[in-house]
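# Structural overview
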Amino acid sequence: MNNLKKSPIKKADWLAIPNLLSIVRILLIPLFVYVYLNESLRHNYLWAAFIVMVSGATDYLDGVIARKFDMITDLGKLLDPFADKLTQLAIIICLVFTWPGMVIVIAVFVIKEIALLVCQIVLFRNGKVMDGALWYGKVSTFVFYACALILVAFPNLNQTLANLLMSLTAIGLLLAFILYTRWFVRQLRTNSRK
């Protein structure tokens, strides 16, 4: 009668260090938004940049710890990308208030994430799952954090340099999108030949 399966996520997974770091990253989002948008707070941009650095560091550390100490969990496979995307979206939305050109980055980000989500669903329906980020996704994330950190910390940055950083961010996202799409297509073709 009951077609429900037991979840592969265990209670202990919530206490795994990489998953705790992902949760910290999610909890940093409202703090970042509050600090960045609160102009009455002294040095708010520098504090916001510090939060971005901490968030980026936890993103890096959770992956290293999970792989090195064999702490990869089903929960982590869901939590880590969720924390990444939510953090990146919060940062670029906040940056629009200082740098209106970030609207283009938001558009690229949203199109990329929706398209890749559809690809992952199609892949899952064909009996395959993606097991972690590929190298170009990691490079794109690094470029994102590096550019965002500068844009957050220096709101009076020269417009030409700001445009260059925004362009680099958009190009990094676009390249990751193209390369991931190519990867998904190859996986589906391989699956259809079997």
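Heads up: the structure comes first, above all this text.
Report on the accompanying structure. (Residues numbered from 1 in each chain as written. Predicted model: local features only at pLDDT ≥ 70, side-chain atom pairs only at ≥ 80, totals over all residues. Heavy atoms only, no water.)

## So, the packing of aromatic side chains
- This model, assessed by the stated rule, comprises seven aromatic pairs.
- With centroids separated by 5.2 Å and ring planes inclined at 70 degrees, the aromatic side chains of tyrosine 36 and tyrosine 45 adopt a geometry described as edge-to-face. Tyrosine 45 carries the same exposure label as tyrosine 36, and that label is buried.
- One aromatic cluster is present, formed by Phe32, Tyr36 and Tyr45 through successive ring pairs. (Phe/Tyr/Trp six-rings, centres within 6.5 Å; stacked < 30°, edge-to-face > 60°. Buried < 20%, exposed > 50% of the residue type's maximum accessible area, 1.4 Å probe, protein only.)

## Some words on the pattern of salt bridges
- Applying the stated rule across the entire model yields six salt bridges.
- The partner of glutamate 113 in a salt bridge is lysine 85, and the shortest N-O contact between them spans 3.6 Å. Placement of glutamate 113 in helix 4 (residues 102-125) and of lysine 85 in helix 3 (residues 74-96) is noted, with a sequence separation of 28 residues between them.
- Its salt-bridge partner being glutamate 113, residue lysine 112 comes within 2.7 Å of it at the nearest N-O pair. Taken individually, lysine 112 and glutamate 113 each receive the classification buried, so the pair is uniform in this respect.
- Through salt bridges that share partners, Arg25, Asp59, Asp62, Asp80 and Asp84 make up one connected network. (Salt bridge = Lys/Arg side-chain N within 4 Å of Asp/Glu carboxyl O. Helix = DSSP H or I, 4+ residues; strand = E, 2+ residues; numbered from the N terminus.)

## Let's talk about empty space enclosed by the protein
- Summed over all chains, the structure comprises one cavity of 30 Å³ or more.
- Along its surface, the largest cavity is lined by Arg25, Leu28, Ile29, Phe32, Ile51, Val52, Ser55, Thr87, Ala90 and Ile91.
- Here the lining of the largest cavity takes four residues from helix 1 (residues 17-37), the largest share from any one element.
- Of the residues that constitute the lining of the largest cavity, the class distribution is seven nonpolar, two polar and one charged. (1 Å grid on protein atoms, 1.4 Å probe; cavity = no way out; pocket = protein on both sides within 12 Å on 5 of 7 lines; lining within 4 Å. Points joined across faces, edges and corners; volume = space filled by probe spheres on them. Nonpolar A, V, L, I, M, F, W, Y, C, P; charged D, E, K, R; others polar.)

## Focus on helix 1
- If you check helix 1, its first and last C-alpha atoms are 30 Å apart, about what 21 residues at 1.5 Å a residue would give, namely 30 Å.
- Along its length, helix 1 reaches its greatest deviation from straightness, about 25 degrees, at leucine 28, and the proline proline 30 lies no more than four positions downstream.
- Residues Pro18, Asn19, Leu21, Ser22, Arg25, Leu28, Ile29, Phe32, Val35 and Tyr36 constitute the buried set of helix 1.
- Here the buried face of helix 1 lies against helix 2 (44-68), helix 3 and helix 5 (135-153). (Expected span 1.5 Å × (residues − 1). Bend = angle between axes of the 7 residues up to and from the residue. Contact = heavy atoms within 4.5 Å.)

## Examining the packing of helix 1 against helix 2
- The N-to-C vectors of helix 1 and helix 2 enclose an angle of 165 degrees; their axes lie 9 Å apart at closest approach. By the angle between their directions, the pair helix 1 and helix 2 is classed as roughly antiparallel. Read as a crossing pair, helix 1 and helix 2 show a hand that is left-handed.
- For the contact of helix 1 with helix 2, a count of residues per class yields 17 nonpolar, four polar and three charged. (Axes fitted to C-alpha atoms, helices over the stretch in contact; angles between N-to-C directions. Parallel < 35°, antiparallel > 145°, perpendicular 65-115°, else oblique. Left-handed = near helix turned anticlockwise from the far one by under 90°.)

## Overview of helix 5
- With 19 residues, helix 5 should cover 27 Å at 1.5 Å per step; its first-to-last C-alpha distance of 27 Å lies within 8% of that length.
- Listed as buried for helix 5 are Tyr136, Gly137, Ser140, Thr141, Phe144, Tyr145, Cys147, Ala148, Leu151, Val152 and Ala153.

## Remarks on the nonpolar core
- Counting 32 residues, the largest nonpolar core has Phe32, Leu95 and Leu151 as the members making the most contacts within it.
- Taken together, the elements giving at least two residues each to this core come down to helix 1, helix 2, helix 3, helix 4, helix 5 and helix 6 (159-193).
- In terms of residue count, the dominant contributor to this core is helix 5 (seven residues).
- Once you skip the residues sitting within four places of it in the chain, phenylalanine 32 turns out to touch Ala48, Ile51, Val52, Ala90, Ile91, Cys94 and Val152. (Core = buried A, V, L, I, M, F, W, Y, C linked by side-chain atoms within 4.5 Å.)

## Some details on unusual backbone geometry
- The backbone of histidine 43 sits at a positive phi, close to 60 degrees, despite the residue not being glycine.
- Looking at where histidine 43 falls in the secondary structure, it is placed in the loop between helix 1 and helix 2.
- A positive phi angle, close to 50 degrees, is found at aspartate 70, a residue other than glycine.
- By the element assignment, aspartate 70 lies in the loop between helix 2 and helix 3.

Keep in mind these numbers describe shape, not what the thing actually does.
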